[in-house]
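Reading the structure
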Amino acid sequence: MLNREQIMQILPHRPPMLLVDAITELTDRRAVGTLHLTGDEFFFQGHFPGDPIMPAVFRLEALAQVGGVALLSMPQFKGKTAVYTGINNAKFRGMARPGDTLRMEIEFVKLRGPMAVGEGVVWVGDQKVAEAEIRCAVLMDSGKDGK
């Protein structure tokens, strides 16, 4: 549905911090995205040499970015930036390693003005490797002009 170039038109993230390769499903309340781990990602260099594992916080960041695509695709938020305001009930149940493809699924359970709450899961195949409630806010004036 959306490729990496189209995602970069929505999200302000850029490599190496862009952690979504594709969006495969996008509605007003739900998004699904993927990330293929090649082993060349910067975090694998030191986490851990000889036994690379994607850090758990980066799995949550990938999940949040998928939610960001959904949120920033809404007409009232186009061109804005979304930031974390909280992470609740995070659980890490498996590993993500080079060669794996992550599937991030997030659904908004609350949307109120520029604030949103999403419940999400990160999968590798049929194994749940992370889940969390992610709270975020859309910056209506991001200060990009120096103000």
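Remarks on the overall build of the chain
For the chain, the helix and strand inventory stands at 2 helices and 6 strands. Going from N to C terminus, the chain has its helices and strands arranged as α-β-β-α-β-β-β-β. Whereas a compact globule of 147 residues would reach a radius of gyration of roughly 15 Å, the chain reaches 15 Å, a difference of no more than 12%. With the C-alpha coordinates aligned to their principal axes, the bounding extent of the chain is approximately 45 × 30 × 30 Å. Relative to its 147 residues, the chain shows a buried fraction of 44%. Taking the intrachain contacts of the chain between residues at least 6 apart in sequence as the baseline, contacts between residues at least 24 apart amount to 62%. Working note: accessible area of the chain is about 7,700 Å², and carbon and sulfur atoms make up 53% of it. Between the centroid of the 17 positive side chains of the chain and the centroid of its 17 negative side chains there is a distance of 7 Å.

Some remarks on the packing of aromatic side chains
With the rule as written, the count across this model stands at 4 aromatic pairs. Here Phe42 and Phe58 contribute two aromatic rings whose centre-to-centre distance is 5.5 Å and whose plane-to-plane angle is 85 degrees, an arrangement assigned as edge-to-face. In this pair, Phe42 is assigned in the loop between β2 (30-36) and α2 (56-72) and Phe58 in helix α2, connecting sequence segments 16 residues apart. Taking relative accessible area as the criterion, Phe58 reaches 17% and is therefore assigned buried. Grouping aromatic residues by their ring pairs yields a cluster made of Phe42, Phe43, Phe44 and Phe58.

Here's the deal with the pairing of strand β4 (residues 101-112)
The two faces of the sheet receive side chains in turn, since in a regular strand these alternate between them. Summarising the sheet, β2 and β4 pair through 7 bridges and their orientation is antiparallel. Following the sheet pairing, Gly33 is matched in β4 by Met104. Pairing geometry for β4 and strand β5 (residues 115-124), over 10 bridges, is antiparallel. Across the sheet, the residue bridging to Glu107 is Glu119, located in β5. Counted along the chain from β4 to the antiparallel partner β5, the turn is 2 residues long, and its residue Gly113 has a positive phi close to 60 degrees.

Remarks on the sheet that holds strand β3 (residues 81-91)
Note: strands within a sheet are paired through backbone hydrogen bonds, in either parallel or antiparallel orientation. The strand order β1-β2-β4-β5-β6-β3 describes an open sheet built from 6 strands, whose pairing is antiparallel. Here the strands that pair on one side only, and so sit at the sheet edges, are β1 (22-26) and β3. Across this sheet, the average inter-strand angle for adjacent strands is 25 degrees, counted without regard to direction. Of the pairings in the sheet, the one linking β5 to strand β6 (residues 127-139) comprises 10 bridges and is antiparallel in character. Following the sheet pairing, Gly120 is matched in β6 by Ala132.

Structural notes on the pattern of salt bridges
Tallied over the entire structure, the rule returns 7 salt bridges. Between Arg103 and Glu105 there is a salt bridge whose closest N-O contact spans 2.9 Å. Under the relative-accessibility criterion, Arg103 is labelled partly exposed at 30%. The partner of Lys128 in a salt bridge is Glu131, with the nearest N and O atoms 3.9 Å apart. In this structure Lys128 comes out as partly exposed when scored by relative accessible area, which is 27%. The exposure class assigned to Glu131 is buried, which follows from its relative accessible area of 18%. Here the salt bridges do not stand alone but share partners, grouping Arg93, Lys128 and Glu131 into one network.

Basis of the calculations
- Residues numbered from 1 in each chain as written.
- Predicted model: local features only at pLDDT ≥ 70, side-chain atom pairs only at ≥ 80, totals over all residues.
- Heavy atoms only, no water.
- Helix = DSSP H or I, 4+ residues; strand = E, 2+ residues; numbered from the N terminus.
- Rg over C-alpha atoms; globule rule 2.2 N^0.38 Å.
- Buried < 20%, exposed > 50% of the residue type's maximum accessible area, 1.4 Å probe, protein only.
- Contact = heavy atoms within 4.5 Å.
- Areas by Shrake-Rupley, 256 points an atom, 1.4 Å probe, with all protein chains shown as cover.
- Lys, Arg positive; Asp, Glu negative; His and termini not counted.
- Charge placed at Lys NZ, Arg CZ, Asp CG, Glu CD.
- Phe/Tyr/Trp six-rings, centres within 6.5 Å; stacked < 30°, edge-to-face > 60°.
- Pairing = 2+ DSSP bridges.
- Axes fitted to C-alpha atoms, helices over the stretch in contact; angles between N-to-C directions.
- Salt bridge = Lys/Arg side-chain N within 4 Å of Asp/Glu carboxyl O.

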